[in-house]
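Geometric and topological summary
Read off the chains here:
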Amino acid sequence: MTGPLLLGVRHHGPGSARAVRAALDAARPDAVLIEGPPEADALLPLAADARMRPPVALLAHAVDDPGRAAFWPFAAFSPEWVAVRWALDHGAAVHFFDLPAAHSLAMMGDPTWSDEEDDEGGDDSGEQSADVRRDGPGRDPGQQGEPGRGPRPGLRVDPLAVLAETAGYDDPERWWEDAVEHRAAGTGDPLAPFAAVAEAMTALRETYGHGGTARDPVREAHMRLRLRAARKEHGDAVAVVCGAWHVPALAAKHTVTADRALLKGLPKVRAETTWVPWTHRRLARRSGYGAGIDSPGWYGHLFAVPDRPVERWMTKAAGLLRDEDHAVSTAHVIEAVRLAGSLAAMRGRPLAGLSETTDAVRAVMCDGSDVPLALIRDRLVVGDVLGEVPEGAPAVPLQRDLDRLQRSLRLKPEAAEREVDLDLRKDTDAARSRLLHRLRLLGVEWGAPERARGTGTFRESWRLRWEPELRVRVAEAGAWGTTVLSAATAKAVSEAASATALADITALAERCLLADLPEALPLVMKALADRAAVDTDVSRLAGALPALARALRYGDVRGTDTAALAEVATGLALRVCVGLPPACAGLDADGAAEMRGHVDAVHTAIRLLPDTSGGAAGTEGGSDSADGRGTGTGPTAGPETGPTAGPETGPATGSGTGAEGVVARWADVLERLARRDAVPGTLRGRAARLLLDDGRLAEDEAARLMGLALSPGTAPADAAAWVEGFAGAGGDGSGGLLLVHDERLLALVDAWLTAVPAEAFTDVLPLLRRTFGAYEPGVRRTLGELVRRGPAGGGGTAPAGEGAPGFGPGLDAARADAVLPVLDLLLGHRQPTEEECAGVPG
């Protein structure tokens with residue numbers, strides 16, 4: 001070997017990877033230099049570990065600022081990875097020789113150092129290996145600048161795009177496949193391709209200089225210094241694997257003094273490096289990380305299966321579609337292979353590429369539909385492959401604790417998105433829930449909570465997906481502690497001390513309960529009590545209460561002591577009861593809509609407050625619950641005994657400060673809102689509806705209030721607002737069902753609507769469409785049929801004594817009571833008698 005062997009490659013190119021392996025087998029160098037941060041040299045032996053499975057990435061981060069981080073990804077088909085494995089397998093020295101991460105991380109915020117393209121794609125803007133982007137397709141060749149004049153300011157050169165345009169291709173990716181990926185392996189001189197690439201890059205560098213980025217000359221100066229040091233130790237038996245763009249700069253003559261001058265005075269930070277798992281999805285530019293390839297799954301297939309790649313790819317596609325219950329036979333595979341070959345021949349390509357195979361799969365296996373084809377693109381063309389790193393890889397203590405918890409809880413991180421249902425009554429599922437909530441509090445968004453299936457509070461549903469960037473989040477969170485529990489506790493305490501908004505502190509208290517942070521909760525509760533004591537804004541108080549109620553609800557399920565939280569929540573609810581009526585007066589339409597949301601949330605929250613005497617404070621189990629909605633049989637229902645007797649009856653009973661007293665005082669607040677003319681119609685209607693649902697308002701009284709609200713003397717807009725508040729679909733979607741089952745109310749709405757003057761109808765139409773448009777389709781259809789048939793009595797209130805259409809007049813109590821014994825048996829309230837069991841087979 002005369003002089004160092006310069007192997008210019010395309011990062012993450014399987015053709016380049018095969019060529020590098022062949023060139024190294026032919027040259028047998030004593031040392032191999034790889035483009036990457038020198039701080040990671042000590043990590044290179046781990047690449048030979050049997051437990052190391054690419055795709056993986058080198059992660060470098062600043063010790064004092066873990067959020068300042070960068071990745072150097074490697075796939076199985078990356079030329080650099082192939083070179084590293086070859087050197088380790090053959091006993092050759094291997095080193096990284098790019099600019100140290102200590103300098104790259106220090107200059108990440110410098111606009112003269114950063115490349116514009118690095119900022120595209122968001123999550124991985126810290127990636128320092130600029131060639132990963134530059135050596136790949138993606139830029140318009142027409143924007144490269146004029147030959148001989150260098151690139152225009154702010155534009156970067158895409159070597160592949162220029163070469164593809166020169167060769168007459170409009171797609172750089174297709175040119176690269178035809179020129180490199182489809183090149184037959186093992187034929188000809190293994191060094192010839194690199195000589196051709198070096199010649200092309202030299203011509204481009206002569207035309208475009210450094211290509212529009214100021215950092216490449218600095219990086220190349222350091223590369224040359226490291227190359228000189230390697231040649232002093234190993235002579236010319238040195239191979240260099242780097243981006244093809246750098247080959248001319250490494251081959252050119254530069255003095256040591258000039259190179260050191262470029263590196264002099266660079267800022268520096270203390271950096272640490274480690275291996276982290278990576279994914280194929282993060283290699284794809286469409287996923288926000290510009291690694292230069294759109295189809296890592298396809299490239300991985302080409303590298304792993306050099307023999308009959310098209311046939312094997314079609315077999316994979318057929319298997320995937322079959323797994324998804326698509327009818328795909330062997331004949332489909334054969335026909336798709338033939339069609340892909342024909343398309344390649346028609347297009348003048350040496351072998352069917354991704355575009356030909358995709359067109360063939362769409363036409364033959366997907367019947368021309370892009371819906372199943374999207375599945376193939378997601379699962380095969382890109383893929384969800386997640387790499388693995390051995391346990392011995394360096395990691396921050398918090399990451400090691402997280403790895404331990406993941407193993408003990410059997411909660412393996414996976415690149416594919418999946419749903420996990422947890423039963424909090426089981427110890428393992430409860431521990432998983434605590435871990436996920438603690439990680440969310442630390443900003444490690446591994447899982448996102450979903451709406452649980454069913455109505456029990458002991459179930460949680462999570463949508464999990466592990467992204468490589470979460471390793472950086474874990475490193476950042478390591479500043480709070482060495483374990484997940486200690487770090488979450490420390491961060492919760494810090495947030496409680498710095499939070500100023502009441503809603504933020506209540507949300508934090510809820511998160512502390514969900515994450516089971518007993519040491520942080522007392523401090524959070526103290527901050528919550530202090531902030532709630534001085535906050536007088538009813539909207540903020542009402543917005544804070546639901547979070548506390550949810551925390552109490554889940555605290556009971558998890559066996560957490562929530563006595564202090566219950567005391568704060570009860571006091572908060574009482575203050576809302578006092579301040580809400582005055583706050584609701586004189587609101588405009590937007591303010592009323594916002595306040596309606598607060599009223600609904602507070603109503604639900606108060607029903608969840610615990611009863612200090614045992615039992616629930618809400619309508620499900622407390623002493624204030626009703627037996628049914630609208631029957632007038634609840635403890636306080638009925639026009640004679642409950643709050644429906646009129647505003648002059650005074651506050652409801654049970655006005656103490658316990659949970660029962662809060663429920664009663666809240667009912668009194670709703671009563672005052674429902675009857676107060678200064679309150680907007682939306683709120684008056686909503687208050688009446690909530691009282692009716694809780695059995696605190698008799699149906700006759702509800703009909704009377706609706707009749708008053710919809711009387712001719714009420715402005716149409718205000719009447720429509722009342723209807724929206726009363727009959728609008730609430731959180732349970734029962735607004736339309738109320739009108740379906742109570743035709744007296746439907747008749748009132750129908751009579752009012754037909755009497756709205758033509759000039760006012762346009763004004764109330766948006767409110768009505770918003771109200772009735774929120775109903776389920778079946779409810780709307782039933783209401784339409786009832787209106788078409790006409791309410792009893794031909795409009796207006798149904799005459800007393802007449803039943804709904806299709807039903808007899810009045811209530812047959814004897815027939816209704818006949819079902820009670822059967823219900824007792826079904827509910828287990830009593831055992832069947834011998835007579836009832838007679839004739840029943842055993």
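Everything discussed here concerns the structure shown above.
The following paragraphs examine the structure supplied in this document. (Residues numbered from 1 in each chain as written. Predicted model: local features only at pLDDT ≥ 70, side-chain atom pairs only at ≥ 80, totals over all residues. Heavy atoms only, no water.)

A word on the overall build of the protein. If you tally the helices and strands in the protein, you get 36 helices and 10 strands. Here the protein holds 842 residues, and the buried ones make up 51% of them. The long-range share in the protein, meaning contacts at least 24 apart out of those at least 6 apart in sequence, stands at 73%. Carbon together with sulfur atoms contributes 53% to the accessible area of the protein, which is approximately 37,600 Å² in total. (Helix = DSSP H or I, 4+ residues; strand = E, 2+ residues; numbered from the N terminus. Buried < 20%, exposed > 50% of the residue type's maximum accessible area, 1.4 Å probe, protein only. Contact = heavy atoms within 4.5 Å. Areas by Shrake-Rupley, 256 points an atom, 1.4 Å probe, with all protein chains shown as cover.)

Taking strand neighbours across the sheet as the criterion, the 4 strands line up as β1-β6-β2-β5 in an open arrangement whose pairing is parallel. Sheet topology places β1 (5–9) and β5 (93–96) at the edges, where each strand pairs with a single neighbour. Ignoring strand direction, the axes of neighbouring strands in this sheet form an average angle of 20°. With 5 bridges connecting them, β1 and strand β6 (residues 238–243) associate as parallel partners. Residue pairing in the sheet places L7 in a bridge with V241 of β6. Each of β1, β2 (31–34), β5 and β6 touches helix α2 (residues 79–90); the most contacted strand, β2, lies at about 155° to it. Contacts between helix α8 (residues 215–234) and the sheet are confined to β2, β5 and β6, with β6 contributing the most and set at about 160° to the helix. (Pairing = 2+ DSSP bridges. Axes fitted to C-alpha atoms, helices over the stretch in contact; angles between N-to-C directions.)

The next point concerns the pattern of salt bridges. For the structure on display, the rule yields 43 salt bridges. Across the pair R281 and D378 runs a salt bridge whose closest N-O atoms are separated by 2.9 Å. Residue R281 is found in helix α11 (residues 280–283), and its partner D378 is found in helix α16 (residues 370–382); the two are separated by 97 residues along the sequence. The salt bridge involving D600 is made with R596; its shortest N-O contact spans 3.9 Å. Placement of both D600 and R596 in helix α25 (residues 589–608) is noted, with a separation of 4 residues, approximately one turn of the helix. In this pair, the class of D600 matches that of R596, namely buried. The network of salt bridges with common partners includes R347, R349, E356, D359, R362 and D370. (Salt bridge = Lys/Arg side-chain N within 4 Å of Asp/Glu carboxyl O.)

Glancing now at the environment of A101. Structurally, the position occupied by A101 is in helix α3 (residues 101–106). Look at A101 and you get buried, because its relative accessible area is 0%. Through-space distance from the C-alpha of A101 to that of A69 is 9.1 Å; in sequence the pair is 32 residues apart. The residues contacting A101, other than those within four sequence positions of it, are P37, E39, A60, W72 and A106.

Here the structure, examined in full by the defined rule, presents 9 aromatic pairs. Plain terms: the ring middles of F74 and F96 are 6.4 Å apart, the flat faces sit at 40° to each other, and that makes the pair tilted. Placement of the pair is F74 in strand β4 (residues 69–74) and F96 in strand β5, with a sequence separation of 22 residues. Here W298 and W313 contribute two aromatic rings whose centre-to-centre distance is 5.0 Å and whose plane-to-plane angle is 90°, an arrangement assigned as edge-to-face. Highlighted residues: W298 in helix α12 (residues 296–304) and W313 in helix α13 (residues 309–323), separated in sequence by 15 residues. The exposure classification of W298 matches that of W313, with both residues buried. Each residue in the set F74, W81, F96 and W275 is aromatic and connected to the rest through ring pairs, giving one cluster. (Phe/Tyr/Trp six-rings, centres within 6.5 Å; stacked < 30°, edge-to-face > 60°.)

Residue P54 is joined to P55 through a cis peptide bond whose omega torsion reads 10°. Position of P55 among the secondary structure elements: in the loop between β2 and β3 (56–62). Here H12, not a glycine, exhibits a phi torsion of approximately 60°, which is positive. Structurally, H12 can be placed in the loop between β1 and α1 (14–27). The buried category is assigned to H12, whose relative accessible area is 1%. A positive phi is found at D516, a non-glycine position, where the angle reads about 55°. Mapping D516 onto the fold places it in the loop between α21 (502–515) and α22 (521–534).

Moving on: the nonpolar core. Nonpolar side chains in soluble globular proteins tend to be buried together. In this structure, L580, W666 and F726 are the most contacted members of the largest nonpolar core, which totals 114 residues. Of all the elements, helix α24 (residues 563–584) adds the most residues to this core, at 11 residues. In this structure F726 touches G685, R686, A688, R689, L692, M706, L738 and L745, once residues within four positions along its chain are discounted. The next biggest cluster of nonpolar side chains, apart from the first, holds 53 residues, and it includes A75, L204, Y208 and A336. (Core = buried A, V, L, I, M, F, W, Y, C linked by side-chain atoms within 4.5 Å.)

Turning next to the sheet that holds β3. As summarised here, the arrangement of the 3 strands in space is β4-β3-β7, forming an open sheet in which the pairing is antiparallel. Two strands close off the open sheet at either side, each with one partner strand: β4 and β7 (271–277). Neighbour to neighbour, the strand axes of the sheet diverge by 20° on average, direction disregarded. Sheet analysis places β3 next to β4, joined by 6 bridges and oriented antiparallel. Along β4, the bridge assignment pairs V56 with F74.

Contact pair α13 / α16: the axes reach a minimum separation of 10 Å and the direction vectors enclose 120°. Every pair of crossing elements has a handedness; the one defined by α13 and α16 is right-handed. Along its contact with α13, which presents W313, K316, A317, L320 and L321, the element α16 presents P372, L375, I376, R379, L380 and V381. Residues of the contact of α13 with α16, tallied by class, amount to 9 nonpolar, no polar and 2 charged. (Left-handed = near helix turned anticlockwise from the far one by under 90°. Nonpolar A, V, L, I, M, F, W, Y, C, P; charged D, E, K, R; others polar.)

Next up on the list: the pairing of β5. The alternating pattern of β5 places V94 and F96 on a buried face and A93 and H95 on a face that is not buried. Relative to β5, β2 runs parallel, the two sharing 4 bridges. Residue V32 lies in a different strand from β5, and its bridge partner there is V94.

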